[in-house]
Protein chains: 2
Amino acid sequence: MESKKNLQEIQGALYVRDGVKGGHDGMTIQPKKFKKTKQDTIDIAKLASEVLNGQRTSLSKAITLIESSNAEHKEQAQKLLQELLPYTGESIRIGITGVPGAGKSTFIEALGMMLCNLGKKVAVLAIDPSSTLSGGSILGDKTRMEELSRNKMAFVRPSPNAGTLGGVHKKSRETMLLCEAAGYDVILIETVGVGQSETYVRGMVDFFLLLVLTGAGDELQGMKKGIMELADGIVVHKSDGDNIQKARKTVREYRQILHFLQPATPGWMGKALPVSSLEKTGLSDVWEMICQFEQTMKDTSFWKTRRLEQTKEWFHTMIRDSLIDSFFQNTDRKIQVKSLEEAILQGEMTVAQGVSKLFSEGAR
Amino acid sequence: MESKKNLQEIQGALYVRDGVKGGHDGMTIQPKKFKKTKQDTIDIAKLASEVLNGQRTSLSKAITLIESSNAEHKEQAQKLLQELLPYTGESIRIGITGVPGAGKSTFIEALGMMLCNLGKKVAVLAIDPSSTLSGGSILGDKTRMEELSRNKMAFVRPSPNAGTLGGVHKKSRETMLLCEAAGYDVILIETVGVGQSETYVRGMVDFFLLLVLTGAGDELQGMKKGIMELADGIVVHKSDGDNIQKARKTVREYRQILHFLQPATPGWMGKALPVSSLEKTGLSDVWEMICQFEQTMKDTSFWKTRRLEQTKEWFHTMIRDSLIDSFFQNTDRKIQVKSLEEAILQGEMTVAQGVSKLFSEGAR
């Protein structure tokens, strides 16, 4: 591993602490730390080759560049990504969601360690600001994948935007591509199943895994509507000790629900499995399920079809988001929308009149 | 009922055939039939008062005006709607969906007739171009609610855009408001559970009803993902003859699924009921369920809260749709998006580069 001093020389003003050795907290870089100076110029070709060589510090730096909101950095980041694009796509992309307290971090660490021991290079990314990976665990669980972070086969990258929802998480897809270029075989993407992010994650992964606890009905109450129907597999977690019997019952209940619901992936019947990350049971079943999924999907070539569809959808979503973002960037317009909304809710004007007023005044 | 001659005098160039007496087909008016002439001026105050008086031919005319794509008509339609807004909101709005062949038209006619006999004024609207109401029944069922159409307590309005998907169905919400102003107590909105329209309908109704047949698992395969989680109630239809035992089993299966899923309406546990429109059994149970729902929701004031939320969401959806529509109106832009999409899928550029190229060239 390069020394911090060397690293800083390579990066110029782009200061990135080595997050692998120092635990994930050290890797959280706030965009405000970027100062635009002469030294800022990055040798993109060099960085690209370092990423391709699997240098973790360079991968960290590349991700920080991707996440930067600085215009120059953005352009450099896209150049870097374009150079690396031909080397992406070889991993298996797995999304993992579940309500807070389901034990996502513990599960990801246990699964990740098992995969490392199987000789797989594993990258872990988090989407949500409230993710346990960034220390936001509601149940006070302080597990931060320390064991996995120290493993040379693993790369653990925390949520880019702890505490903010500024859309930085939209870079997760590009971060995933960087990890693929760096040679990671399995990408695990953690998200919390309570917001919008799981739909976003579903749109960028091959396999989507839902983590639940025993007591299916109660558990689902706290879950976002429709999340069951995004899942290719369900893990009934903490299936250990006194909980084993209850967990088995819950597995049966989820199997029944999965039988009724339309599959998240055409041609794949979703499975429910009991897992204990504590006792390390059921983890190999999960991996076997995912491998079986991969084989089935590659046999029907749906694997490739879905990835192309996902890229296309990503492009169109970005077009729509850009249009809407730029329209609402104007503060006056936000105020105007609010006051039109008020008038509509009071029954003073129709919705169509409100929209028409907004656009006619916006055009002035 | 007014004669066709009188009707034409009132409407000027706006020619609308009387759809109630003549069956629904006669009511389908293509926008191209509207010619802008001097005679086109409509007395909005007069039309508004006629609608308020419950004159069905005037209601038909008002709906045709709402559906017109002519700019002048659009403005008049909004003026009319603004006048009528204070008189809207008193009905119960019910969305009804189900796969083709579930017998939606037959069910709506049977339910509608029962409600008319209870002294309710019932309006029936259809959203989908493929709706059975516009004659698109896949199973060749020619039932077109003829009995209900002839009932003086009922108003049956077919899909406004048979065969086209030009967004005219977006006027359904406004059509619903017109029916409310005309004094209809119950609005039944039919949609086919295979497209985007059921989410749209869910966003404009109080109660959402899903029609299914026996064999829950198989049935759901043909249904859109997530549709189960939109439903406040499920009707297992054609529960008659040899089918009764199977239907009872299916009801139990759906009850179990509903138990696991998060309720479509907070505070309301979805119900599944067997119904035969043929033997007229179970229809009063459906109505009782809906009345119970109304009471429960009004007790918690969620009834009003949701309606305000729906109006707000409608406003924001219309803003977004207008932005995106106007951006893509340009034919060159469509071609450009297609070619950028191609380049992205070939790996020639990143998605962000594609978006950036689109907007920089669009600005020139």
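Keep in mind that this is a model prediction, so the values were computed, not measured.

It is worth spelling out helix 10 (residues 244-260) of chain A at this point. Two residues of an α-helix separated by three or four positions point the same way, owing to the 3.6 residues in each turn. With 17 residues, helix 10 of chain A extends 25 Å between its outermost C-alpha atoms, agreeing within 8% with the 24 Å of an ideal straight helix rising 1.5 Å per residue. Those residues of helix 10 of chain A lying buried are Ala247, Thr250, Val251, Glu253, Tyr254, Ile257, Leu258 and Phe260 of chain A.

Our focus in this paragraph is the side chain of serine 276 of chain A. Residues and elements named next belong to chain A. In this fold, serine 276 is placed in the loop between strand 7 (271-274) and helix 11 (283-299). Residue classification places serine 276 among the buried residues on the basis of a relative accessible area of 0%. One polar contact links serine 276 to aspartate 240, side chain to side chain, over a distance of 2.6 Å. The residues touching serine 276, leaving out its near neighbours within four places in the chain, are Ser239, Asp240 and Thr281.

All names here are of chain A. Taken together, the buried positions of helix 2 (residues 44-52) are occupied by Ile44, Leu47, Ala48, Glu50 and Val51. Buried residues of helix 2, seen end-on, are gathered within an arc of 165° and therefore sit on one face of the element. Among the residues of helix 2, the N-terminal cap falls to aspartate 43, whose side-chain oxygen and the backbone nitrogen of alanine 45 are separated by 3.3 Å. Within two residues after helix 2, glycine 54 carries a phi angle of roughly 80°, on the positive side.

Here we take up the environment of glutamate 190 of chain A. Residues and elements named next belong to chain A. Relative to the helices and strands, glutamate 190 resides in strand 4 (residues 186-190). The class of glutamate 190 is buried, set by a relative accessible area of 0%. The sequence separation of glutamate 190 and isoleucine 127 amounts to 63 residues, and the corresponding C-alpha distance is 6.2 Å.

Here is what the cut-offs are and how they apply
- Residues numbered from 1 in each chain as written.
- Chains lettered and ligands numbered in written order.
- Predicted model: local features only at pLDDT ≥ 70, side-chain atom pairs only at ≥ 80, totals over all residues.
- Heavy atoms only, no water.
- Helix = DSSP H or I, 4+ residues; strand = E, 2+ residues; numbered from the N terminus.
- Expected span 1.5 Å × (residues − 1).
- Buried < 20%, exposed > 50% of the residue type's maximum accessible area, 1.4 Å probe, protein only.
- Polar contact = N/O pair within 3.5 Å; in protein donor to acceptor, adjacent residues only side chain to side chain.
- Contact = heavy atoms within 4.5 Å.
- Arc of directions from axis to C-beta.

Geometric descriptors of this kind do not, in isolation, establish any biological role.
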